[in-house]
Amino acid sequence: MKEINADVGKGSIQGVASRVRQTPKSIATHHKIIDAAIRCFLDLGYHRTTTSEIAKLAGVTRGAVQYYFPTTPAVLRATVDHITQQFMEYFHALASARPHEGGEGLDQGLDALWQAGHHPLWTAWKELEAAARTDAELAGVMGPAKAEFYRRWEALSVELYGSYQQKDPVKFEMGHHLTWQFLQALAGLSRGDEAADIALKQRLLAEFKNLIRGYWDMG
């Protein structure tokens, strides 16, 4: 990500934050800039995203972007915080509307995870995560953000599926990680034939549901 002035110090960031009045207009502009940044990461990729592109998508000036977010880390922190919050709310809404007990609960929990793993917010997160491997500035933002994301992710899993944790805490922890890692890997499966890939993913997802039911001795 380019163009934002990286020479502005922490004190300047706090100064800008304190002088921006929390009016409906300022809050709306703040959200528009963050939403535009996420769309840029999705459409252009992190390394091709610039302040100018964000401003154009948000319908504001470059100066407005730099006023609300005077440094690259400032806009990145706001963006990853937004992704975390919105993704958690999205998954909570999906999973809360479904049963949590028995084989049906497991199946529908997997369906909710599968759906959440295809959400554009998660795609944007994975783009930032990948880019952080070669960008020290982004890595400095993503490190703490990932720790916070997974802390909240695990707390949400316990909130929704706490009965499984009470049954066997170690099994719950391992099953939770196994499921999320498998579904992420499955979502990224690509062999160059979209129709065949979709069919294979559905077969693998169905088989994985059988394995998870067996893991919890549900037949």
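All values reported here derive from a predicted model rather than from experimental measurement. (Residues numbered from 1 in each chain as written. Predicted model: local features only at pLDDT ≥ 70, side-chain atom pairs only at ≥ 80, totals over all residues. Heavy atoms only, no water.)

1. Considering the overall build of the protein
For the protein, the helix and strand inventory stands at ten helices and zero strands. Scanning the protein from its N terminus toward the C terminus, one meets helices and strands in the order α-α-α-α-α-α-α-α-α-α. In terms of principal-axis extent, the alpha carbons of the protein reach across some 60 × 40 × 30 Å. The buried share of the protein, reckoned over its 219 residues, is 42%. Surface exposure of the protein reaches about 11400 Å², of which carbon and sulfur atoms provide 54%. Charge-centre separation for the protein: the mean point of 24 positive side chains lies 6 Å from the mean point of 25 negative side chains. (Helix = DSSP H or I, 4+ residues; strand = E, 2+ residues; numbered from the N terminus. Buried < 20%, exposed > 50% of the residue type's maximum accessible area, 1.4 Å probe, protein only. Areas by Shrake-Rupley, 256 points an atom, 1.4 Å probe, with all protein chains shown as cover. Lys, Arg positive; Asp, Glu negative; His and termini not counted. Charge placed at Lys NZ, Arg CZ, Asp CG, Glu CD.)

2. Some words on the pattern of salt bridges
Applying the stated criterion across every chain, the model contains eight salt bridges. Across the pair E53 and K56 runs a salt bridge, and its minimum N-O distance is 3.7 Å. With E53 and K56 both in helix 3 (residues 51–58), this residue pair falls three residues apart, about one helical turn. Accessibility expressed as a relative area gives 26% for E53, which makes it partly exposed. (Salt bridge = Lys/Arg side-chain N within 4 Å of Asp/Glu carboxyl O.)

3. Quick notes on the environment of A112
Within the secondary structure layout, A112 lies in helix 6 (residues 102–116). C-alpha of A112 to C-alpha of H92: the two residues are 20 residues apart in sequence and 9.1 Å apart in space. Not counting residues up to four positions away in its chain, the partners in contact with A112 are F91, L94, A95 and R98. (Contact = heavy atoms within 4.5 Å.)

4. Some words on the packing of helix 2 (residues 24–43) against helix 7 (residues 120–131)
As a packed pair, helix 2 and helix 7 sit with axes 9 Å apart at the nearest point and diverge in direction by 70 degrees. Compared by their axis directions, helix 2 and helix 7 come out roughly perpendicular. Taken together, the residues of helix 7 that come into contact with helix 2 (itself represented by I38, F41 and L42) are P120, L121, T123, A124, E127 and L128. Taken together, the residues of the contact of helix 2 with helix 7 break down into seven nonpolar, one polar and one charged. (Axes fitted to C-alpha atoms, helices over the stretch in contact; angles between N-to-C directions. Parallel < 35°, antiparallel > 145°, perpendicular 65-115°, else oblique. Nonpolar A, V, L, I, M, F, W, Y, C, P; charged D, E, K, R; others polar.)

Remember that the coordinates give geometry; whether it matters functionally is a separate question.
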